[in-house]
Every structure is written in structure tokens, then in C-alpha cells.
Amino acid sequence: MIGIIIVILFFVFATGKFEKHEVAKSSYALGTLINLRASGNKAQVAIDKSLERLNEIDDRMSAFKESSDVSKINLNAGSKEEKINSDTYFVVKKAIEYSKALEGTFDPTISPLVKLWSIGTKEEKVPEKSQIEKTLKLVNYNDVIFDEKNNSIMLKHNNQALDVGGIAKGFAADEVRDIFHQYDVKSALIDLGGNIFALGSKEDGSSWKIGIQNPFKSRGEFIGILSVKDKSIVTSGNYERYFIKDGKRFHHIIDPKTGYPSESKIISATIISDNSIDGDGLSTGVYIIGIDKSMKIIETIEGIDAIFITEDKKIYKTLGIDESIFTLTDSEFFEEL
Ligand code: ADP
Ligand code: MG
């Protein structure tokens, strides 16, 4: 009997089956800071594989890399369809779904306008009105032509261009989640530049606690806390990438109807969902569409919830967000009921 116990104990220690350890690693990909934290015996390899996968997604979808699928589609705009990897095809297809669901406020053909403004780069400027009007004509999600059989995409007109920056991080977070599952990671925090996936629960079994950034304060100051297990949390805000000119803030979420940074009263839109691609695609669009429509649209989508902050410091929550999920911690903000 003792012999058997020793054998079992030896087996347990030798395989490290009951060992617990958290592995964390930071890196840079998809134009942002990546922080991965995972627990489990295979956490290290799960993280390494995930970072490889993130670089692969970056190589395929970056608008800044000449050999990316997105660059190739853009180069051939108005002339020929481009056969692309199924990851990119899937992301562009999803992006168009959100364009339709959000009345064109989300539009992956926004690229010429994003370039014109160049917000967050050395070239950022307020463009001439005439330039904006001319560039606006190139933006139209109906001009993305799909060829399902060949995995090909083409943009209808010359000089049109895709930008999947508003949705790619969501796709990437879901891919990391899937890799973590493959390597038996049951507890992890995936943070792709604030695009968060809280996998499972914390090691002690309690919920992950995720702060919602105060849009008026510096990074790390929260208006409230979300308690979640196995959820994606994505926020689009006006406080990450912007510049100020003549006292006016110009941020990086462009309204495809006007060509200017969105001026809806929403300054922060957080989507809580099972899949991060939904959170990312929706958060950018609802930000633009305004509070009344946003609330209505999100309420109609099963399994997806949202928290919005408006410029007058009001907080709007969809019905699925109860006290067990969200706690307001900053008394300067008011919850609208
Ligand atoms: P972040 O990338 O800062 O986390 P978002 O997910 O909201 O924020 O995406 C913003 C990015 O999406 C912009 O930097 C730009 O590349 C792109 N973008 C800007 N406006 C739109 C829009 N109306 N529709 C689709 N993508 C947009
Ligand atoms: Mg987004």
C-alpha cells in the first residue's frame, strides 16, 4: 500500500500535475502593448505560442506592413481581387457585419480618412474641409467585394483602403483564448492594449476584477470595477489617442458620415461579451452612433452587454449589468437607471 502511495506521489511530483504557477509576459504587437498572464502547467508554452500567433496576425492585418493581406488588398483596390489568408477574410467579413448592424458608423473602409488625420502619429493635423469631403467619397463598406470560393477580397474603387484596426485586436484576443484552452490554461488575463479577455476565474476561484478607466483622468484611475469570469471586456474611448488644437480634442474614432472625430456624447463605450471580436467591433461603432441607439442595439443582441460614459459624467448600463457585475467607485459619476 505504502509503495503505491509513494508511486502516486512520485508521479504527481514528477509530472508536476498539482503544481500551480502563474506565468506573465509583456510584448509588443498589433500596434500596442500586450500583457499575458496565465496559470497552469503548460502556461509558459501557451504564452509563447500566443505571442507567435499575435505576430502572425499582425503580419497579415497590419496596414503598415507592405506584405500584409490588408496592404495587398489596398494596393489592388479598383483593379483586381486579392486572395488572402482565411484569418483576414474572417475579420473583414465580421467587420462588414458590424458595419451593417451599426448603420455604417463602423466602417473598415475608413482608412483614407484615418490616414488624412494621422492621429497618434507625427503627421497628425486637422485637414482642410475640402480634403475631408473628397476623402469621404472613398469610404463605403458596400464597396468591399467578397469572393467566398477563392477567399478573395477586392475594393471596388481606386484609392479605397481597408483598416481593420478597430476589430483586429478582438479577433486576436479570441485566438489567444483558444490557444490557452488548448494548453489547459484555466485561469488567465489576456490584455491586448486594453482589449481584455478574462479567461476562467482567478486561481482562487473568485471573479476577475477589471477597472473601467476614468476618461477624464490619467491611466489607471477607474470609475468603477467589473467582476467577471470568462468574458471579454473592450472599451473604446476618446482618451487614448488624440491631439488638442485650439482647445478642441481630436480623437481617433472617425465618424464615417462627417469625416471628423465622433462627436456623440459618448466618451467611453465598454462591451462585455463572450467573444472579443464582438466587443471590439461593437465598441468602436456604438461609440459613434450615440447613446440612445447604442443602448437599443446592444439590448437586442443576446449575450452582449455594455456600459457607456457620456461627457456629462452619466453612466448607462444595459439590463444584464447588475450589482454583482459592476460597482461604481467614483462618486463624481451618476448611474442612469
Ligand atoms: P483602439 O484601437 O484604440 O483600441 P478602437 O477599437 O475603437 O480603439 O479602434 C480605433 C481604430 O479603428 C482607429 O485607430 C482606426 O484605425 C479605426 N477606426 C477609426 N474610426 C473607425 C470607424 N468609424 N470604423 C472602423 N474603424 C475605425
Ligand atoms: Mg474596436
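Given the structure is predicted, the values throughout are model-derived calculations rather than measurements. (Residues numbered from 1 in each chain as written. Chains lettered and ligands numbered in written order. Predicted model: local features only at pLDDT ≥ 70, side-chain atom pairs only at ≥ 80, totals over all residues. Heavy atoms only, no water.)

Participant: What is the right way to read the sheet that holds strand S5 (residues 152–155) from this model?
Facilitator: Hydrogen bonds along the backbone pair up the strands of a sheet, which may run parallel or antiparallel. Pairing is antiparallel in the open sheet, where three strands are placed in the order S3-S5-S4. In this open sheet, the two edge strands, each paired with only one partner strand, are strand S3 (82–83) and strand S4 (144–147). Note that S4 and S5 share four bridges and pair antiparallel. Across the sheet, aspartate 147 pairs through a bridge with serine 152, a residue of S5. Along the sheet, helix H4 (residues 86–101) makes contact with S4 and S5, crossing S4 at roughly 130°. (Pairing = 2+ DSSP bridges. Helix = DSSP H or I, 4+ residues; strand = E, 2+ residues; numbered from the N terminus. Contact = heavy atoms within 4.5 Å. Axes fitted to C-alpha atoms, helices over the stretch in contact; angles between N-to-C directions.)

Participant: Whenever I open this one, the site of ligand 1 confuses me. Can you help?
Facilitator: Close to ligand 1 lie 18 residues, the nearest being Asp163, Ser236, His252, Ile254 and Thr284. Within the backbone of threonine 105, a nitrogen or oxygen atom sits 2.9 Å from a nitrogen atom of ligand 1. One of the side-chain nitrogen or oxygen atoms of aspartate 280 is found 2.9 Å away from an oxygen atom of ligand 1. When isolated, ligand 1 has an accessible area of 560 Å², and the protein chains bury 93% of it. The element contributing the most residues to the shell around ligand 1 is helix H8 (residues 276–289), with three residues. Tallied by class, the residues present in the shell around ligand 1 amount to seven nonpolar, six polar and five charged. For the shell around ligand 1, the two domains that each supply at least three residues are domain 1 (9–59 + 168–335) and domain 2 (63–165). (Near = heavy atom within 4 Å. Polar contact = N/O pair within 3.5 Å; in protein donor to acceptor, adjacent residues only side chain to side chain. Areas by Shrake-Rupley, 256 points an atom, 1.4 Å probe, with all protein chains shown as cover. Nonpolar A, V, L, I, M, F, W, Y, C, P; charged D, E, K, R; others polar. Domains from an automatic or database assignment.)

Participant: Explain the nonpolar core to me, please; I cannot follow it from the model alone.
Facilitator: Generally speaking, nonpolar side chains in soluble globular proteins are found buried as a group. Of all hydrophobic cores here, the largest spans 62 residues; its most connected members are Leu36, Leu54, Phe180, Leu192 and Phe308. With seven residues, helix H2 (residues 43–61) is the largest single contributor of residues to this core. When residues of this core are assigned to domains, at least three map to each of domain 1 (9–59 + 168–335) and domain 2 (63–165). Phenylalanine 180 has contacts with Leu36, Arg37, Ala38, Ala46, Ile47, Ser50, Val185, Ala188, Ile190 and Leu199, leaving out every residue within four places of it along the chain. (Core = buried A, V, L, I, M, F, W, Y, C linked by side-chain atoms within 4.5 Å. Buried < 20%, exposed > 50% of the residue type's maximum accessible area, 1.4 Å probe, protein only.)

Participant: Can you help me understand the domain arrangement of the protein chain in this one?
Facilitator: When its domains are assigned, the protein chain resolves into domain 1 (9–59 + 168–335) and domain 2 (63–165). Placing a centre on the C-alpha atoms of domain 1 and another on those of domain 2 gives a separation of 24 Å. Counting from both sides, the interface comprises 30 residues of domain 1 and, opposite them, 30 residues of domain 2. Of the roughly 2600 Å² buried between domain 1 and domain 2 on both sides combined, carbon and sulfur atoms contribute 68%. The largest per-residue losses of area from domain 1 upon contact with domain 2 belong to Phe243, Pro256 and Tyr260, which jointly make up 22% of the total buried on that side. Linking domain 1 with domain 2 are five salt bridges. Ionic pairing is found between arginine 53 and aspartate 87, a salt bridge with its closest N-O pair at 2.9 Å. Our count for the domain 1 to domain 2 interface comes out at eight residue pairs in polar contact (both at pLDDT 80 or more). Among the secondary structure elements, those contributing two or more residues to the side of domain 1 that touches domain 2 are H2, helix H7 (168–182), strand S11 (242–245), strand S12 (248–251), H8 and helix H9 (291–300). Ranked by residue count, the leading element in the side of domain 1 that touches domain 2 is H8, at nine residues. Across the side of domain 1 that touches domain 2, the residue classes tally to 15 nonpolar, seven polar and eight charged. (Buried area = accessible area lost by both parts, 1.4 Å probe. Salt bridge = Lys/Arg side-chain N within 4 Å of Asp/Glu carboxyl O.)

Participant: Explain the pattern of salt bridges here, please?
Facilitator: It is possible for side chains bearing opposite charge to pair when their charged atoms get close. Applying the stated criterion across every chain yields a total of 23 salt bridges. Taking the shortest distance from any N to any O, the salt bridge between arginine 37 and glutamate 22 comes out at 3.3 Å. In this pair, arginine 37 sits in strand S2 (residues 32–39) while glutamate 22 sits in strand S1 (residues 22–29), placing the two residues 15 residues apart along the sequence. The class of arginine 37 is partly exposed, set by a relative accessible area of 33%. Overall, glutamate 22 belongs to the partly exposed group, its relative accessible area being 40%. Residues participating in the shared-partner salt-bridge network are Arg53, Glu56, Arg60, Asp87 and Glu175.

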